[in-house]
Amino acid sequence: MTASDDEKWMRHALALAARGVGWTSPNPMVGAVVARGKELLAEGFHERCGEAHAERIALDRAGEAARGATLFVTLEPCAHRGRTPPCLDRVLESGVARVVVAMKDPNPLTDGRSLAAMRERGIEVEVGVLEREARLLNQPFLSRVLRKRPWVTLKYAMTLDGRIAASTGSSKWISGVESREWVHDLRRSRRAIVVGYRTAITDDPILTCRIKTEPPPRQPLRIVLGGTGSLPRGGKLAATARDAPVLHVISARRYRGKLEEPPGVEGVLLGENLKPGESILHELLALLHEREVDSLLVEGGAQTLAGFLDAGLVDEVHAVIGPKILNDAEAISPFPGNNQCSSIADGVELQSVDIRTMGADVIVHGYLNLL
């Protein structure tokens with residue numbers, strides 16, 4: 001095969017992998033293709049956590065035709081038994097002559113072991129084809145394995161003059177219908193969503209993914225951060241807590257007493273014994289990591305957005321800019337200005353920025369950290 005053939009099949013494998021978005025967590029999204037020259041023999045992708053992995057699906061579908069062929073896979077085949085058997089065993093018994101891998105698996109249980117085992121068996125192995133694209137696809141997985149915390153994404157909608165709400169607190173709607181539908185798809189791809197207590201009370205959001213898919217979307221854990229009392233029993237979060245989980249996180253230093261949350265809402269006190277330089281947000285991310293939550297979407301309000309930014313815990317930003325101007329000095333900015341920047345050069349700058357339009361809105365997307 002030529003280098004262009006390798007990239008062609010790997011792009012196909014990456015497109016397959018992306019079909020598992022919202023379902024594979026805490027596993028990575030993985031796609032696999034079995035090909036001979038320009039001929040596609042079989043393909044597969046990891047559809048959801050606990051089910052068969054991409055390599056096994058593709059090789060099972062190819063059967064004996066896999067002998068002497070090339071396997072393209074977006075992540076090094078796992079070498080350990082987890083919820084499913086090791087993919088390495090299936091690759092070794094398949095008879096493939098060559099394996100092209102986009103990126104190594106950083107999980108210490110694999111981390112190059114499969115690559116070495118395949119080479120020892122005489123299989124030609126190539127690593128790094130479209131590696132950047134493969135890493136971008138699985139930043140939450142990389143964050144869970146390498147940093148032991150979820151990947152954190154900020155999402156907010158603001159006006160042309162940089163406001164997320166009027167001085168009265170009114171925020172519906174800054175963005176258009178198309179952008180709001182896109183947000184539901186973004187929620188589908190994340191395993192948890194957090195808003196501040198004030199936003200939960202003022203906006204009374206439901207925070208579920210309401211796009212229609214088959215099967216229905218896997219709902220994220222909904223988190224409310226802060227406050228000095230329980231969530232309102234008449235609110236939408238409490239009303240839907242039995243259908244999709246709700247976690248209310250309160251500072252142990254600000255609250256004294258027994259948490260009495262509405263039925264279905266889990267109340268947690270955090271931050272009583274913080275280490276120097278840490279905030280309650282570090283403890284929240286540690287808790288989510290323990291629960292195998294690999295990605296967190298921060299939807300507001302201003303103090304919550306700024307809190308994650310100030311703590312250095314933001315990895316990715318989606319800023320939706322609606323074509324409105326409030327011209328109100330008391331309107332609310334997405335970041336209330338907790339830090340003093342002496343110059344523009346001191347500001348936080350996004351990397352790998354892409355900009356697109358959606359309806360009448362503009363969405364600016366970029367990263368602060370890439371793994």
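Quick caveat, the model's predicted, so the values are computed rather than measured. (Residues numbered from 1 in each chain as written. Predicted model: local features only at pLDDT ≥ 70, side-chain atom pairs only at ≥ 80, totals over all residues. Heavy atoms only, no water.)

Visitor: Help me understand helix 3 (residues 87-94), please; the structure alone is not making it clear to me.
Guide: The α-helix advances 3.6 residues per turn, and as a result positions three or four apart in sequence lie on the same side. The buried fraction of helix 3 is high, at six of eight residues. Buried within helix 3 are the following residues: C87, L88, R90, V91, L92 and S94. Where helix 3 is buried, its residues contact helix 2 (54-62), strand 3 (70-73), strand 4 (98-101) and helix 4 (113-120). (Buried < 20%, exposed > 50% of the residue type's maximum accessible area, 1.4 Å probe, protein only. Helix = DSSP H or I, 4+ residues; strand = E, 2+ residues; numbered from the N terminus. Contact = heavy atoms within 4.5 Å.)

Visitor: What's the story with the sheet that holds strand 2 (residues 39-45) in this structure? I'm lost.
Guide: In any sheet, the strands associate via hydrogen bonds between backbone groups, in a parallel or an antiparallel arrangement. Strands sit in the order 2-1-3-4-5 across an open sheet of five strands; the sheet is mixed. Of all strands in the sheet, those with a lone pairing partner are strand 2 and strand 5 (124-127), marking the two edges. Neighbour-to-neighbour, the strand axes of this sheet turn through a mean angle of 15°, independent of strand direction. Across four bridges, strand 3 lies against strand 4 in parallel orientation. (Pairing = 2+ DSSP bridges. Axes fitted to C-alpha atoms, helices over the stretch in contact; angles between N-to-C directions.)

Visitor: Sorry, what's going on with the sheet that holds strand 11 (residues 295-300) here?
Guide: Judged by pairing direction, the sheet is mixed, and its nine strands sit side by side in the order 10-9-8-7-11-6-12-14-13 without closing on themselves. In this open sheet, the two edge strands, each paired with only one partner strand, are strand 10 (265-270) and strand 13 (351-358). In this sheet, adjacent strand axes meet at a mean angle of 20° when their direction is disregarded. Sheet topology places strand 6 (residues 151-158) next to strand 12 (residues 316-321); six bridges connect them, and they run parallel. The partner of K155 across the bridge, within strand 12, is H318. Along the sheet face, helix 11 (residues 302-310) touches strand 6, strand 7 (192-196), strand 8 (221-225) and strand 11 and points at about 135° away from the line of strand 11.

Visitor: Can you help me understand the nonpolar core in this one?
Guide: Within soluble globular proteins, side chains that are nonpolar tend to cluster in buried spots. Counting 47 residues, the largest nonpolar core has M10, V34, L71, V96, V99 and M118 as the members making the most contacts within it. Looking at this core element by element, the count peaks at six residues for helix 1 (residues 3-17). When near neighbours in sequence (up to four residues on either side) are disregarded, L71 contacts A32, V33, V34, E55, L59, V91, V96, R98, V99 and V100. Counting residues in each nonpolar core, the second largest holds 31 residues, with A192, L247, V249 and V293 among its members. (Core = buried A, V, L, I, M, F, W, Y, C linked by side-chain atoms within 4.5 Å.)

Visitor: Is there a simple way to explain the pairing of strand 9 (residues 246-251) in this structure?
Guide: Both faces of the sheet carry side chains from a regular strand, because those side chains alternate between them. Among the six residues in strand 9, six count as buried, and that is most of the element. Of the two faces of strand 9, the one holding V246, H248 and I250 and the one holding L247, V249 and S251 are both buried throughout. The pairing of strand 8 with strand 9 spans four bridges and is parallel. Across the sheet, the residue bridging to I223 is L247, located in strand 9. Strand direction decides the pairing type here: strand 9 and strand 10, joined by six bridges, are parallel. Bridging across to strand 10, L247 finds its partner in E266.

Visitor: Could you clarify how one ought to interpret the environment of V73 in this entry?
Guide: Take V73: it is sitting in strand 3. Residue V73 is classed as buried on the basis of its relative accessible area, which comes to 0%. Counting along the chain gives 173 residues from V73 to V246, while the straight-line C-alpha distance between them is 36 Å. Excluding residues within four positions of it along the chain, V73 makes contact with M10, V30, G31, A32, E55, V99, V100, V101 and A102.

Visitor: I'm lost on the packing of aromatic side chains in this one. Help?
Guide: Counted under the stated rule, the structure contains two aromatic pairs. Taken together, a centroid distance of 6.2 Å and an interplanar angle of 55° make the contact between W151 and Y367 tilted. Of the two residues, W151 sits in strand 6 while Y367 sits in strand 14 (residues 361-367), which places them 216 residues apart along the sequence. Per residue, the accessibility class of W151 equals that of Y367, and both read buried. Each ring, one from Y156 and one from F335, has its centre 5.5 Å from the other, and the planes form 90°; the classification is edge-to-face. Of this pair, Y156 sits in strand 6 while F335 sits in the loop between strand 12 and strand 13, and the two are 179 residues apart along the sequence. Between K8 and the ring centre of W9, over which it is positioned, the NZ or CZ distance is 4.3 Å. Cation over ring: R48 sits above W23, and NZ or CZ is 4.1 Å from the ring centre. (Phe/Tyr/Trp six-rings, centres within 6.5 Å; stacked < 30°, edge-to-face > 60°. Lys NZ or Arg CZ within 6 Å of the ring centre and 35° of its normal.)

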